[in-house]
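Structural overview
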Amino acid sequence: MSIKFDIQPAANPTSEKDRVAKLADPGFGRVFTDHMAIVRYNQAKGGWYDARIEARANFQLDPAGAVLHYAQEIFEGLKAYKRDDGGVNLFRPDANARRFKDSADRMAMAQLPEDVFIEAVEQVVRIDRDWIPGGEGSLYLRPFMIASEIFLGVKPSSEYIFAVIASPVGSYFKGGPAPVSIWASENYTRAAVGGTGAVKCGGNYAASLRAQAEAIQHGCDQVVFLDAVERRYIEELGGMNVFFVFEDGSLSTPPLGTILPGITRDSIIALANDAGKTVREELYSLDQWRKDAASGKLKEAFACGTAAVISPIGKVRSVSGDFDICGGAAGPVAMGLRKQLIDIQYGRTNDPHNWIKKVF
Ligand SMILES: *Cc1c(COP(=O)(O)O)cnc(C)c1O
């Protein structure tokens, strides 16, 4: 499908002075650019229509809009990176577009054609190009879709709003990634077989917040969830996948199914394989993790996702005891993969899998 975006630049964009001030220390997710993309869907009107790039503004949403009651909502997250030559890269936007379609399918929402998703993202990057920070910063893009039909009956909505907003972000970790401490939750689970664990939907995040709060109460940065059936196997963090690194040089990561199929996860598997390393997608229990950390068989563990790329895990806490990994420090495998991935994203090294899409 091809759809033409009507481009209406903001009448009152942020002044250069204010933009520069905002870009000095943007943090994560609090500063936004001047524009957004919007595409609407109405079953009765024959599908997707009214594609626009326009000034970022509030939505008009009826109080009976379906998303407000039954949480039919999905999202994506990807970044635009400024190259040294001034051009701009996207990293695997086709993979985000595909996952967005899969998410829509599971949530019984209208499926946005992948080329429209990519076009919307690229249009926002083009019109808000001046908002992309240099250095280790990037422009975080947040495509999302909400059910907008005005109806309190429980059924898939017949109307949707798809939008892309953009937020300049600094380096996630100033001065290199600090190892994170994680809390293994034995009270709460994230996903069950047949549920929505593999879907990037807001509802999963709403359900994870109590567990995340519990992690913070126990002095940890993040929660790691165990499987919902046996309560033994590591699944993932609230918003990041996990990897384990062993003394024989191999890696393992939990298998797909109830976890979110991360694009960073997939990219790390590919890069590790390129380097001749074995990567197993297999179940790994908290007990085994503790034993392997104690015996020295396990060398490193790290979390991964678009926002932070790779975060080494330095400490694990749970009701059944605490243990350190890699002496609480960042390990060489995590740091090496992190550098390689970031160098590909910023166009500083070759891109053997054709992951980069140049916008400029
Ligand atoms: C988005 C997300 C990830 C990471 O996915 P990437 O594509 O690597 O950014 C991992 N887990 C959850 C629950 C997520 O929502």
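About the criteria used
Residues numbered from 1 in each chain as written. Predicted model: local features only at pLDDT ≥ 70, side-chain atom pairs only at ≥ 80, totals over all residues. Heavy atoms only, no water. Near = heavy atom within 4 Å. Polar contact = N/O pair within 3.5 Å; in protein donor to acceptor, adjacent residues only side chain to side chain. Areas by Shrake-Rupley, 256 points an atom, 1.4 Å probe, with all protein chains shown as cover. 1 Å grid on protein atoms, 1.4 Å probe; cavity = no way out; pocket = protein on both sides within 12 Å on 5 of 7 lines; lining within 4 Å. Sits in = over half its atoms within 2 Å of the grid points. Nonpolar A, V, L, I, M, F, W, Y, C, P; charged D, E, K, R; others polar. Phe/Tyr/Trp six-rings, centres within 6.5 Å; stacked < 30°, edge-to-face > 60°. Helix = DSSP H or I, 4+ residues; strand = E, 2+ residues; numbered from the N terminus. Buried < 20%, exposed > 50% of the residue type's maximum accessible area, 1.4 Å probe, protein only. Axes fitted to C-alpha atoms, helices over the stretch in contact; angles between N-to-C directions. Parallel < 35°, antiparallel > 145°, perpendicular 65-115°, else oblique. Contact = heavy atoms within 4.5 Å. Domains from an automatic or database assignment. Buried area = accessible area lost by both parts, 1.4 Å probe. Points joined across faces, edges and corners; volume = space filled by probe spheres on them. Core = buried A, V, L, I, M, F, W, Y, C linked by side-chain atoms within 4.5 Å. Left-handed = near helix turned anticlockwise from the far one by under 90°. Salt bridge = Lys/Arg side-chain N within 4 Å of Asp/Glu carboxyl O.

Further remarks concern the site of the ligand. Neighbouring residues of the ligand: 15 residues in total, closest Lys200, Tyr205, Glu236, Thr264 and Thr306. Within the side chain of Tyr205, one N or O atom sits 2.5 Å away from an oxygen atom of the ligand. Between the ligand and the protein, one listed contact pairs an oxygen atom with a side-chain N or O atom of Thr306 at 2.6 Å. Computed on the free molecule, the ligand has an accessible area of 380 Å², of which 97% lies beneath the protein chains in the complex. With respect to the pocket detection grid, the ligand is positioned in the largest pocket. Of the residues assigned to the shell around the ligand, the class counts are four nonpolar, seven polar and four charged.

Applying the stated criterion across every chain, the model contains 15 aromatic pairs. With 5.0 Å between their ring centres and 70° between their planes, Tyr81 and Tyr346 make a pair best called edge-to-face. With Tyr81 in strand E5 (residues 78–82) and Tyr346 in the loop between helix H8 (332–345) and strand E18 (356–358), this pair connects stretches of sequence that are 265 residues apart. Each ring, one from Phe246 and one from Tyr284, has its centre 5.6 Å from the other, and the planes form 85°; the classification is edge-to-face. Taken together, the positions of Phe246 in strand E12 (residues 241–246) and Tyr284 in the loop between strand E14 (279–281) and helix H7 (286–295) put the pair 38 residues apart, joining distant regions of the chain. Under the relative-accessibility criterion, Phe246 is labelled buried at 6%. Three or more aromatic residues link up through ring pairs in this structure, and these residues are Phe244, Phe246, Tyr284, Trp289 and Phe323.

The next point concerns the packing of helix H6 (residues 263–274) against H8. Pairs of packed helices are described in terms of their axes, by the angle between the two and the distance that separates them. For the pair H6 and H8, interaxial distance at closest approach is 11 Å and the crossing angle is 110°. Between H6 and H8, the crossing angle belongs to the class labelled roughly perpendicular. Packed against H6, whose contacting residues are Thr264, Ser267, Ile268, Leu271 and Ala272, the element H8 presents Leu337, Gln340, Leu341 and Ile344 at the interface. Taken together, the residues that form the contact of H6 with H8 break down as six nonpolar, three polar and no charged.

Let's shift gears to the domain arrangement of the protein chain. Splitting the protein chain by domain gives domain 1 (6–169) and domain 2 (180–345). Domain 1 and domain 2 are separated by 28 Å when their C-alpha centres are compared. Together, the buried faces of domain 1 and domain 2 total about 1,700 Å²; carbon and sulfur atoms form 60% of this surface. For domain 1, the biggest contributors to the area lost against domain 2 are Phe75, Phe91 and Arg99; these three give 35% of the whole.

On to empty space enclosed by the protein. The final tally for this structure, using the stated rule, is one cavity of 30 Å³ or more. Elements that contribute at least two residues to the lining of the largest cavity include exactly E5 and H6. When residues in the lining of the largest cavity are grouped by element, the largest group, three residues, is from E5. Per-class residue counts for the lining of the largest cavity are four nonpolar, five polar and one charged.

Counting 52 residues, the largest nonpolar core has Phe5, Trp48, Ile74, Leu141, Met145 and Phe162 as the members making the most contacts within it. Residues in contact with Phe162, not counting those within four places in the same chain, are Ala37, Ile38, Val39, Trp48, Phe100, Leu112, Phe117, Ala120, Pro143, Phe144 and Met145. Core analysis: the second largest hydrophobic core is formed by 25 residues, Val279, Cys304, Leu341 and Ile344 among them.

Between helix H3 (residues 93–106) and helix H4 (residues 114–127), whose axes approach to 9 Å, the crossing angle comes to 125°. What the angle tells us is that H3 and H4 run oblique. Every pair of crossing elements has a handedness; the one defined by H3 and H4 is right-handed. Between H3, through Pro93, Asp94, Asn96, Ala97, Arg98, Phe100 and Lys101, and H4, the contact on the second element is made entirely by Glu114, Phe117 and Ile118. Across the contact of H3 with H4, the residue classes break down as five nonpolar, one polar and four charged.

What the rule picks out here adds up to 21 salt bridges. For the salt bridge of Asp343 with Lys339, the shortest nitrogen-to-oxygen distance reads 2.6 Å. In this pair, Asp343 and Lys339 are both assigned in helix H8, four residues apart and thus about one turn of the helix distant. Owing to a relative accessible area of 54%, Lys339 belongs among the exposed residues under this scheme.

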